[in-house]
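Okay, here's what each chain looks like letter by letter:
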Amino acid sequence: MSDLKARAVEVNKRLKKRYPEARCSLDFTTPFELLIATILSAQSTDVRVNIVTKSLFRKYPSPEAFARASQVEMETAVKQTGFFRNKAKAVIACAQTIVEKHGGEVPRTMDELTALPGVGRKTANVVLGNAFQTPAGIVVDTHVTRVSGRLGLTQNADAVKIEQDLIPLLPRSQWTAFSHRLIHHGRETCAARKPLCGECVLNDICPSANLT
Ligand code: SF4
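Throughout, residues of each chain are indexed from 1 in the direction in which the sequence is written. Where local features are concerned, this predicted model is filtered to residues with pLDDT of at least 70; where side-chain atom pairs are given and counted, the filter is 80 or more; whole-chain, interface and lining totals use all residues. Hydrogen atoms and water are omitted, and side-chain values are computed over all heavy atoms in the structure.

Points about the overall build of the chain
So, step 1. Per the secondary structure count, the chain includes 11 helices and zero strands.
So, step 2. Along the chain, helices (α) and strands (β) appear in the sequence α-α-α-α-α-α-α-α-α-α-α when read from the amino end.
So, step 3. All radius of gyration figures rest on C-alpha atoms, and the globule criterion is 2.2 Å times the number of residues raised to 0.38. In terms of overall size, the chain behaves like a compact globule, its C-alpha atoms giving a radius of gyration of 18 Å where 212 residues would be expected to give roughly 17 Å.
So, step 4. Evaluated residue by residue, the chain yields a buried proportion of 49% over its 212 residues.
So, step 5. For the chain, contacts bridging at least 24 residues in sequence account for 60% of all contacts bridging at least 6.
So, step 6. Here the chain displays about 10,900 Å² of accessible surface, and carbon together with sulfur accounts for 52% of that area. Counting from the N terminus, the helices are DSSP H or I runs at least four residues long and the strands are E runs at least two residues long. Think of it in three bands: with a 1.4 Å probe and only protein chains considered, a residue is buried below 20% of the maximum accessible area for its type, exposed above 50%, and partly exposed in between. We call two residues in contact whenever any of their non-hydrogen atoms come within 4.5 Å of each other. Per-residue and other accessible areas were derived by the Shrake-Rupley procedure at a 1.4 Å probe size, with only the shown protein chains allowed to occlude residues.

Structure representation (structure tokens):
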């Protein structure tokens with residue numbers, strides 16, 4: 001096993017112990033709900049998105065209902081998540097494509113998902129890993145970017161390249177959970193401005209310990 005792989009395996013093991021509850025923090029009951037919640041989560045917090053989607057999914061209980069919604073009423077419904085004009089446009093167009101091209105079912109492949117309006121690789125990865133349990137990659141958000149860089153698991157700054165660096169380090173069965181663990185660690189310990197290196201369970205294997 002390479003040094004990098006060994007470090008990734010150890011990081012994953014320790015974070016699993018430290019954050020046994022780490023999971024997707026967006027509320028959803030169907031793959032479609034997770035897809036919509038993830039589109040809305042861009043530049044917002046999961047807490048805020050969960051507040052908005054609670055009433056949103058009651059008002060529009062299916063892809064067909066989203067597809068029929070007007071731009072104006074959808075803008076009002078998603079306003080609290082920010083960037084509401086673009087997001088309203090994206091969720092309506094996304095739902096229309098799902099209804100028209102996929103019979104009202106969220107597609108299950110990376111290519112089909114990323115062909116949907118408003119859906120990039122990160123959103124597709126969230127849906128595949130958390131709604132279908134068939135990850136095609138690793139979700140790289142701002143926390144994963146920062147923490148994996150500090151841990152020396154990647155030298156890249158671009159999300160797609162970081163994902164390609166992380167994928168070979170762990171088995172596929174760990175990709176989704178590993179991402180959640182790095183996100184939890186980034187929120188609770190390895191914060192952007194003031195990482196709590198003194199309290200960190202990775203302190204002795206982190207090349208950035210006490211440097212940031
Ligand atoms: S030791 Fe510091 S920089 Fe390294 S992962 Fe922990 S908190 Fe982050």
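A closer look at helix α1 (residues 3-18)
So, step 1. The span you would expect from a helix comes to 1.5 Å times its residue count less one. Over its 16 residues, α1 runs 22 Å from end to end, which matches the ideal 22 Å to within 8%, given 1.5 Å per residue.
So, step 2. Residues of α1 that are buried sit in contact with α11 (172-188).

Here's the deal with the packing of helix α2 (residues 31-40) against helix α6 (residues 84-102)
So, step 1. Each axis is a line fitted through C-alpha atoms, and for a helix only the stretch in contact is used; angles between axes span 0 to 180 degrees, taken between their N-to-C directions. Here α2 crosses α6 at 155°, and the two axes come no closer than 10 Å. With respect to their mutual orientation, α2 and α6 come out roughly antiparallel. Read as a crossing pair, α2 and α6 show a hand that is right-handed. Contacts between α2 and α6 pair F32, L35, I36, I39 and L40 from the former with K87, A90, V91, C94, A95 and I98 from the latter.
So, step 2. Amino acids are sorted into nonpolar (Ala, Val, Leu, Ile, Met, Phe, Trp, Tyr, Cys and Pro), charged (Asp, Glu, Lys and Arg) and polar (every other residue, Gly among them). Class assignment for the residues of the contact of α2 with α6 results in 10 nonpolar, no polar and one charged. Comment on the angle field: the value is read as roughly parallel under 35 degrees, roughly antiparallel over 145, roughly perpendicular from 65 to 115, and oblique elsewhere. Handedness of each helix crossing follows the sense of rotation of the near helix against the far helix: counterclockwise by less than a right angle gives left-handed, clockwise gives right-handed.

Comments concerning the site of the ligand
So, step 1. What surrounds the ligand is the set R150, L151, H185, C190, P195, C197, C200, N203, C206 and A209.
So, step 2. When the residues that make up the shell around the ligand are grouped by side-chain class, the tally is seven nonpolar, two polar and one charged. We call a residue near a molecule or strand whenever a single non-hydrogen atom of that residue lies within 4 Å of it.

Overview of unusual backbone geometry
Most peptide bonds adopt trans geometry, and most residues besides glycine take a negative phi value.
So, step 1. Despite not being glycine, F83 has its phi angle at roughly 45°, a positive value.
So, step 2. Relative to the helices and strands, F83 resides in the loop between α5 (71-78) and α6.
So, step 3. For Q133, which is not a glycine, the phi torsion comes out positive at approximately 55°.
So, step 4. Here Q133 is to be found in the loop between α8 (121-130) and α9 (142-150).
So, step 5. Here Q133 falls in the exposed class, since its relative accessible area comes to 56%.

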